[in-house]
Amino acid sequence: MQGNNNINTQDEAYNEYWQVRKQITLESYVTLFLIMLNCFILVACFFEGEILYANGALVADKVIQNKEIYRMITSLFLHADLEHLFGNMIMLLFIGPPLEKVVGHLWFGLIYFGAGIAGNIFSIIYEKLSGGIWISYGASGAVFGIVGAMGLIIFYNRKRLKQMGSSLPVRMLFMLIYAIYSGFTNTSVNNAAHIGGLLFGILIMLINVLLYRRNTKLEVYL
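Description of the structure in this document. Owing to the predicted nature of the structure, the values given are computational and were not obtained by experimental measurement.

### As for the overall build of the protein
- Secondary structure assignment for the protein yields ten helices and zero strands.
- Reading the protein from its N terminus to its C terminus gives the helix and strand order α-α-α-α-α-α-α-α-α-α.
- Put simply, of all contacts in the protein between residues at least 6 apart along the chain, 80% involve residues at least 24 apart.
- Surface accessibility of the protein: about 12,900 Å² in total, with carbon and sulfur atoms responsible for 67%.

Quick look at the structure:
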């Protein structure tokens, strides 16, 4: 009988987690809007991709010489194909809602777009220092900013998570190391944008915590 009680308790906790997680996701308006907008733009690229990529992708010389600063934003919403989009959006869907719940819609948007822009700045600097020339697009820098912000929250809760027996810090660190490693081993991945976005996410979340003395304790939805 004791074994059955334990199983029922685990099932109830599991169901509660997903119910709360579902509600948090439905209330994450910025996350959902960004995912839908990215999906819509990829569909548009199937029909007008040549124009959208030519006028929206990140090209260092066009940003610096032609002052086309808008490319720092538009490039965040362009993806090469469905696989490229899926990789970024699944990470955003997994990490975005709990972070948006913690910091609020406005700060979440600031982290996302700020990290995306920071990633693009890092990309341009690296391109100029390395002497390379490339066209870059994708939401990876922005998504890595979300990962960095969430990573800081996990860092603040590392002792509590250890007491709970949670493997979340280890899984988060493994995912981050793997993502960066994949970037260095794949010439088509803009790792500079990843690192720039990640660092910005950590920095802005640290400012958020210090500014508001925010209680960063993890709740069930994390």
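### Remarks on the packing of aromatic side chains
- Counted by the stated rule, this structure contains four aromatic pairs.
- Relative to phenylalanine 113, the ring of tyrosine 112 lies with its centre 5.4 Å away and its plane at 80°, an arrangement referred to as edge-to-face.
- The exposure class assigned to phenylalanine 113 is partly exposed, which follows from its relative accessible area of 29%.
- Taking 5.9 Å as the distance between ring centres and 40° as the angle between the ring planes, the aromatic pair formed by tyrosine 126 and tryptophan 134 counts as tilted.
- Pairwise contacts between aromatic rings join Phe77, Tyr112 and Phe113 into one cluster.

### Let's talk about the nonpolar core
- Ranked by size, the top nonpolar core spans 38 residues in total, and within it Leu92, Leu99, Phe108, Ile146 and Met205 carry the most contacts.
- Contributions of two or more residues to this core are made by helix 2 (29-56), helix 5 (82-103), helix 6 (105-130), helix 7 (140-156), helix 9 (168-185) and helix 10 (191-212).
- For this core, the element with the highest residue contribution is helix 7, accounting for ten residues.
- Leaving out residues up to four positions away in the same chain, isoleucine 146 has contacts with Leu92, Ile95, Gly96, Leu99, Phe108, Ile111 and Tyr112.
- Formed by five residues, the second largest nonpolar core is a distinct cluster that contains Leu58, Ala60, Met72 and Ile124.

### As for unusual backbone geometry
- Unlike most non-glycine residues, lysine 67 shows phi in positive territory, near 60°.
- With respect to the helices and strands, lysine 67 occurs in the loop between helix 3 (60-64) and helix 4 (71-74).

### Let's talk about the side chain of glutamate 127
- Structurally, glutamate 127 can be placed in helix 6.
- The contacts of glutamate 127, once residues within four sequence positions are left out, are Ala60, Gly132, Ile133 and Trp134.

### Some words on the packing of helix 5 against helix 7
- It is at 9 Å that the axes of helix 5 and helix 7 come closest, and there the two elements cross at 35°. In terms of crossing hand, the pair formed by helix 5 and helix 7 is left-handed. Contact with helix 5, carried on its side by His84, Asn88, Met91, Leu92, Ile95, Gly96, Pro98, Leu99 and Val102, involves Ser140, Val143, Ile146, Val147, Ala149, Met150 and Ile153 of helix 7 and no other residues of that element.
- Taken together, the residues of the contact of helix 5 with helix 7 break down into twelve nonpolar, four polar and no charged.

### Regarding the environment of proline 97
- Mapping proline 97 onto the fold places it in helix 5.
- A sequence separation of 73 residues divides proline 97 from isoleucine 24, and the C-alpha atoms of the two residues are 6.2 Å apart.
- In contact with proline 97, not counting residues within four places along its chain, are Arg21, Ile24, Thr25, Ser28, Thr31 and Leu92.

### Some details on the pattern of salt bridges
- Under the definition given, this model contains two salt bridges.
- Here arginine 71 and glutamate 68 are joined by a salt bridge, their closest N and O atoms 2.5 Å apart.

### With respect to a nonpolar patch on the surface
- Taken together, the side chains of Ile121, Phe122, Ile125, Leu129, Leu199 and Ile202 define a hydrophobic patch exposed on the protein surface, amounting to about 550 Å² of accessible area.
- Of all the secondary-structure elements, those providing two or more residues to the nonpolar patch are helix 6 and helix 10.
- Among the elements that take part in the nonpolar patch, helix 6 stands out by supplying four residues, more than any other.
- Relative accessible area serves as the criterion here: at 46%, isoleucine 125 is assigned to the partly exposed category.

### A closer look at helix 5
- For helix 5, which comprises 22 residues, the first-to-last C-alpha distance of 30 Å matches the rise-based estimate of 32 Å (1.5 Å per residue) to within 8%.
- A maximum bend of about 40° is found in helix 5 at glycine 96, where proline proline 97 lies one to four positions downstream.
- Among the residues of helix 5, the N-terminal cap falls to aspartate 81, whose side-chain oxygen and the backbone nitrogen of glutamate 83 are separated by 3.2 Å.
- Of the residues trailing helix 5, glycine 104 is marked for its positive phi of about 95°.

Definitions and cut-offs
- Residues numbered from 1 in each chain as written.
- Predicted model: local features only at pLDDT ≥ 70, side-chain atom pairs only at ≥ 80, totals over all residues.
- Heavy atoms only, no water.
- Helix = DSSP H or I, 4+ residues; strand = E, 2+ residues; numbered from the N terminus.
- Contact = heavy atoms within 4.5 Å.
- Areas by Shrake-Rupley, 256 points an atom, 1.4 Å probe, with all protein chains shown as cover.
- Phe/Tyr/Trp six-rings, centres within 6.5 Å; stacked < 30°, edge-to-face > 60°.
- Buried < 20%, exposed > 50% of the residue type's maximum accessible area, 1.4 Å probe, protein only.
- Core = buried A, V, L, I, M, F, W, Y, C linked by side-chain atoms within 4.5 Å.
- Axes fitted to C-alpha atoms, helices over the stretch in contact; angles between N-to-C directions.
- Left-handed = near helix turned anticlockwise from the far one by under 90°.
- Nonpolar A, V, L, I, M, F, W, Y, C, P; charged D, E, K, R; others polar.
- Salt bridge = Lys/Arg side-chain N within 4 Å of Asp/Glu carboxyl O.
- Patch = residues over 30% accessible without salt bridge, like charges linked within 9 Å, V, L, I, M, F, W, Y side chains within 5 Å.
- Expected span 1.5 Å × (residues − 1).
- Bend = angle between axes of the 7 residues up to and from the residue.
- Polar contact = N/O pair within 3.5 Å; in protein donor to acceptor, adjacent residues only side chain to side chain.

Nothing here speaks to function; it is geometry throughout.
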